[in-house]
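# Coordinate inspection notes
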Amino acid sequence: MNTAELPELKTPNWFALSGNLSDIGFVAIARKLPSLIRRALGMAWEAGPRDTIAVITLNLLSGVFTAFGLLATTGVLEALFSVGPTPERIRAALPSLILVATAAVLRTALQAGAGFSQARLRPQVARIAEERMYGLTSQVELAAYDDPDFHDALQRARNRGVDGPDAVVDTTLDTLTALTGILAAGGVLGLLHPVLLPLLVIAVLPDGWAAIRSARMNYEMSYALIPARRRKWILADLMARREAAAEVRSFNMRGFLMRMYDTVARAEQNVMLDVAGRQTVARLVGEALGGVGTLAVYVALGLLLGLGIVPLAVAGTAVLAIRSGQGSLQNLMYATNRLYEEGLYFTDYVEFCAEAERRLPGVPSADTPAAFERITVDDITFSYPGAETPALRGVSLHIDKGEIIALVGENGSGKTTLSKVLAGLYAPEGGRVLWDDRDLAHVDTDALRRGIAVIAQDHTHWPLSVRHNITMGTDRGEAAMLAAAEVAGADQVAAELPHGYDTLLDRRFKEGHELSGGQWQRVAVARGFHREAPLLICDEPTAALDARAEHALFERVRRHADGRTVLLITHRLASVRYADRIYVLDRGVVIEEGAHQELMDKEGVYAELYTLQADAYS
Ligand SMILES: Nc1ncnc2c1ncn2[C@@H]1O[C@H](COP(=O)(O)OP(=O)(O)OP(=O)(O)O)[C@@H](O)[C@H]1O
């Protein structure tokens, strides 16, 4: 499979690509961590303030009891190692022993409480994170979805990033737990003899280094593999998706798709195998050095004991404190390592949200008009992200209230793009769209779109009931829904379904039904008519309709679609004859305009296309 078709496989080595990612280095992330932690804890606070307070307080208290228990151990050992008969020594040790046991019980109870609150926080933070992300994805400007960089960022955020906030909260709290354990053990150890402390750190650092290295490799790998994985998922989707199933078979696409899938999957697999090897080496080196460190700690302790610097009871407590401290340090390493890794993914989430927020429609500075006397398109230019040539160049036109305006032109001439600019879905790069004297660049696009009904060429087959496919979550009453269905002939569609308007249109569910292309289009037309909007944009509304339904729809449009202003895009030129004005587009430019007869008299592109179609019927 050649790499021109799969450009994401061109990167020779994943680490060559990830080498460029200087902003994910340990120091860079360590610098970002405090703000990431602050953000994550902010989300935790928003999700469950009581649980957040509980988990922090209980953890701190449990640290206090850990230290208390360790110190009480010295009392037990001192009593046990003192001279005298054994029952006497045991009796002397009893009060300290009771203290140790009480501290242990309290610590366990506190930790269980902290664990419970932490477990409660996780789903609450996850819900907030997901809702925030999908709240943004459904609000960003439409052009973002034409930008591959946005898709990569979205993929990263959806892939692991969305789990980032609760994982960061979780690991922050784990870090806190481990830190309190270390402070307790370290404090006790420091009291026993200061030299034991640095030795303890040396024993655990190599492990931590290995873990951090391995986490970074994981992240770099998944970062570098995102475009290839996206390609793989798209291919997998084509091979497993209902919509593509028929064409995969009728065009015998299986071999072709499988070959492409295999090429991408093997490249991904090789990268993962390489990473697994590197991670094992890092881990082995870390563990070997860690072993040497632990040995050094015990040798030092033996020396201190041998030289009589510390008594036996203190050395005994030191061993316990070292083991407890080592356990906590290892937990700390594990937690900070996870924090570092999750911090990387959380960065993806945070950056995606920031990017999405940047792409939100601007804050309106003018009131949104509810109606218009004239819509003016003034010299607009528009390019899709990454496109070399603009899809619209210097387009100007006007639409007066109550008119029927037609856009015609060959495939790819820019009709749909222009209609999307008029629908407030794309913002033009240059020029203006005005509703009377109000520039739409400064109004609330959400509110504006409520005044525009669109029957889209690429309408969505919503996996909802017929009713919801028409009403789209609005409630204008049954009569309005039935009237819209009737205009589009969707009433006949519903009549044939087992549950009428309440039939679910999704075969993936039990009791779900599928419609034919034309039946779907009738539903989409009904959707457009149901919206109470002064402007109706119909983009190829009849391509899939049968002759009778098409005739009925155009009759309705001809009678001004119940008082609306209509922008009609169609290749059926017989239906645009009665339009008040026709604009002919060619490669993003308006090349002709006028009423049908004027354009026929001009004998230009419109006349040529019209005659071609008319001839086909004569
Ligand atoms: N989402 C997109 N991203 C990038 N380029 C696009 C996108 N949609 C359309 N284009 C390009 O913009 C140009 C105009 O497309 P548009 O869909 O507006 O044409 P059209 O006149 O409606 O065509 P048709 O008659 O086939 O529906 C085409 O060159 C097309 O390749």
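Because the structure is predicted, anything quoted here is derived from the model rather than measured.

With that out of the way, let us pick up the sheet that holds strand β4 (residues 430–435). Sheet strands pair via backbone hydrogen bonds, and the direction of the pair is either parallel or antiparallel. Pairing in this open sheet of four strands is antiparallel, and the strands run β2-β1-β4-β5 from one edge to the other. Single-partner strands in this sheet number two, and they are β2 (392–400) and β5 (438–439). Two elements, strand β1 (residues 374–382) and β2, share six bridges in a ladder whose sense is antiparallel. Looking at the pairing, Thr 376 lines up with His 398 of β2. Contacting β1, β2 and β4, helix α11 (residues 415–422) runs over the sheet at an angle of about 60° to β2.

Within the open sheet, the six strands sit side by side as β6-β7-β8-β3-β9-β10. Their pairing is mixed. On the outer flanks of this sheet lie β6 (452–455) and β10 (589–594), each paired with one strand and no other. Along the sheet, successive strands turn relative to each other by an average axial angle of 15°, direction set aside. Taken together, the five bridges between strand β3 (residues 404–409) and strand β9 (residues 581–586) define a ladder with parallel strand orientation. Bridging across to β9, Val 408 finds its partner in Val 584. Set on the sheet, α11 makes contact with β3, β6, β7 (535–539), β8 (565–569) and β9; between it and β8 the angle comes to about 155°.

Moving on to the UniProt feature "transmembrane region" (unreviewed entry) in the chain. Mapped onto this numbering, the UniProt entry annotates "transmembrane region" (unreviewed entry) at residues 52–72, 182–205 and 295–322. Across residues 52–72, helical content stands at 100% and strand content at 0%; the span's end C-alpha atoms are separated by 31 Å.

Bringing the pattern of salt bridges into the picture now. On inspection of all chains with the given rule, the structure shows 23 salt bridges. A salt bridge links Arg 156 to Asp 348, with the nearest nitrogen and oxygen atoms 3.7 Å apart. Placement of Arg 156 in helix α5 (residues 148–159) and of Asp 348 in helix α10 (residues 312–358) is noted, with a sequence separation of 192 residues between them. A salt bridge links Arg 432 to Asp 378; the shortest N-O distance between them is 3.4 Å. In this pair, Arg 432 sits in strand β4 while Asp 378 sits in strand β1, placing the two residues 54 residues apart along the sequence.

Another point: the confidence of the model for the chain. Residue-level pLDDT values for the chain average 84, and 93% of them are 70 or greater. Within the model, pLDDT remains below 50 along residues 12–22, and this stretch shows 15 contacts once partners closer than five positions in the same chain are excluded.

Moving on to the environment of Leu 121. With respect to the helices and strands, Leu 121 occurs in helix α4 (residues 86–137). For Leu 121 and Leu 612, which are 491 residues apart along the polypeptide, the C-alpha to C-alpha distance reads 68 Å. When sequence neighbours within four positions are dropped, the list of residues in contact with Leu 121 reads Ala 44, Gly 48, Asp 51, Thr 52, Val 55, Val 169 and Leu 173.

This next bit is on the site of the ligand. The ligand sits among 13 residues. The nearest are Asp 146, Gly 412, Lys 415, Thr 416 and Thr 417. Taking Tyr 384, its side chain carries an N or O atom lying 3.4 Å from a nitrogen atom of the ligand. The side chain of Gln 457 places a nitrogen or oxygen atom 3.1 Å from an oxygen atom of the ligand. The protein chains hide 63% of the 630 Å² of surface that the ligand would expose on its own.

This part covers the side chain of His 530. Locating His 530 in the fold gives a position in helix α16 (residues 517–530). For His 530, a relative accessible area of 2% puts it in the buried group. If sequence neighbours within four positions are ignored, His 530 has contacts with Ile 470, Thr 471, Thr 474, Arg 476, Ala 480, Met 481 and Ala 484.

With 44 residues, the main nonpolar core has Ile 470, Phe 529, Val 576, Ile 582 and Tyr 606 as its most contacted residues. Looking at which domains feed residues into this core, each of domain 2 (368–449 + 560–618) and domain 3 (452–532) gives three or more.

Let us now look at the packing of aromatic side chains. All told, the structure shown has eight aromatic pairs when counted by the stated rule. An angle of 70° between the planes, with centres 5.5 Å apart, marks the rings of Tyr 145 and Phe 150 as edge-to-face. The exposure class assigned to Tyr 145 is partly exposed, which follows from its relative accessible area of 32%. Of the residues examined, Phe 150 reaches a relative accessible area of 1% and is grouped as buried. With centroids separated by 5.4 Å and ring planes inclined at 90°, the aromatic side chains of Tyr 384 and Tyr 426 adopt a geometry described as edge-to-face. Of the two residues, Tyr 384 sits in the loop between β1 and β2 while Tyr 426 sits in the loop between α11 and β4, which places them 42 residues apart along the sequence. Given a relative accessible area of 5%, Tyr 426 falls into the buried group. Grouped by ring-pair contacts, the aromatic residues Tyr 145, Phe 150 and Phe 352 constitute a single cluster.

Here we come to α4. Across its 52 residues, α4 extends 73 Å between first and last C-alpha, which sits within 8% of the 76 Å expected from 1.5 Å per residue. In the structure, α4 departs most strongly from a straight axis at Leu 94, where the bend amounts to approximately 45° and where the proline Pro 95 lies between one and four residues downstream.

With that out of the way, let us pick up the domain arrangement of the chain. Under the domain assignment, the chain is made up of domain 1 (11–45 + 128–177 + 193–358), domain 2 (368–449 + 560–618) and domain 3 (452–532). A straight line from the C-alpha centre of domain 2 to that of domain 3 covers 27 Å. Together, Ala 423, Arg 449 and Arg 564 form the three largest contributors to the area buried by domain 2 at its contact with domain 3, with a combined 54%. Put simply, domain 2 and domain 3 have zero salt bridges between them. Between the two partners, domain 2 and domain 3, sit five residue pairs in polar contact (both at pLDDT 80 or more). Listing elements by their share of the side of domain 2 that touches domain 3, those giving two or more residues are α11, α12 (445–449) and α18 (560–563). In terms of residue count, α11 provides more of the side of domain 2 that touches domain 3 than any other element does, three residues in total. Tallied by class, the residues present in the side of domain 2 that touches domain 3 amount to five nonpolar, one polar and four charged.

A cluster of nonpolar residues, Leu 80, Phe 81, Ile 90, Leu 305 and Leu 312, forms a patch on the protein surface that exposes about 420 Å² of accessible area. As for its placement among the helices and strands, Leu 305 is situated in helix α9 (residues 254–306). Residue Leu 305 is classed as partly exposed on the basis of its relative accessible area, which comes to 35%.

Cut-off values and rules
- Residues numbered from 1 in each chain as written.
- Predicted model: local features only at pLDDT ≥ 70, side-chain atom pairs only at ≥ 80, totals over all residues.
- Heavy atoms only, no water.
- Pairing = 2+ DSSP bridges.
- Helix = DSSP H or I, 4+ residues; strand = E, 2+ residues; numbered from the N terminus.
- Contact = heavy atoms within 4.5 Å.
- Axes fitted to C-alpha atoms, helices over the stretch in contact; angles between N-to-C directions.
- UniProt positions renumbered as here; feature names shortened; annotations may be inferred.
- Salt bridge = Lys/Arg side-chain N within 4 Å of Asp/Glu carboxyl O.
- pLDDT = per-residue confidence, 0-100.
- Near = heavy atom within 4 Å.
- Polar contact = N/O pair within 3.5 Å; in protein donor to acceptor, adjacent residues only side chain to side chain.
- Areas by Shrake-Rupley, 256 points an atom, 1.4 Å probe, with all protein chains shown as cover.
- Buried < 20%, exposed > 50% of the residue type's maximum accessible area, 1.4 Å probe, protein only.
- Core = buried A, V, L, I, M, F, W, Y, C linked by side-chain atoms within 4.5 Å.
- Domains from an automatic or database assignment.
- Phe/Tyr/Trp six-rings, centres within 6.5 Å; stacked < 30°, edge-to-face > 60°.
- Expected span 1.5 Å × (residues − 1).
- Bend = angle between axes of the 7 residues up to and from the residue.
- Buried area = accessible area lost by both parts, 1.4 Å probe.
- Nonpolar A, V, L, I, M, F, W, Y, C, P; charged D, E, K, R; others polar.
- Patch = residues over 30% accessible without salt bridge, like charges linked within 9 Å, V, L, I, M, F, W, Y side chains within 5 Å.

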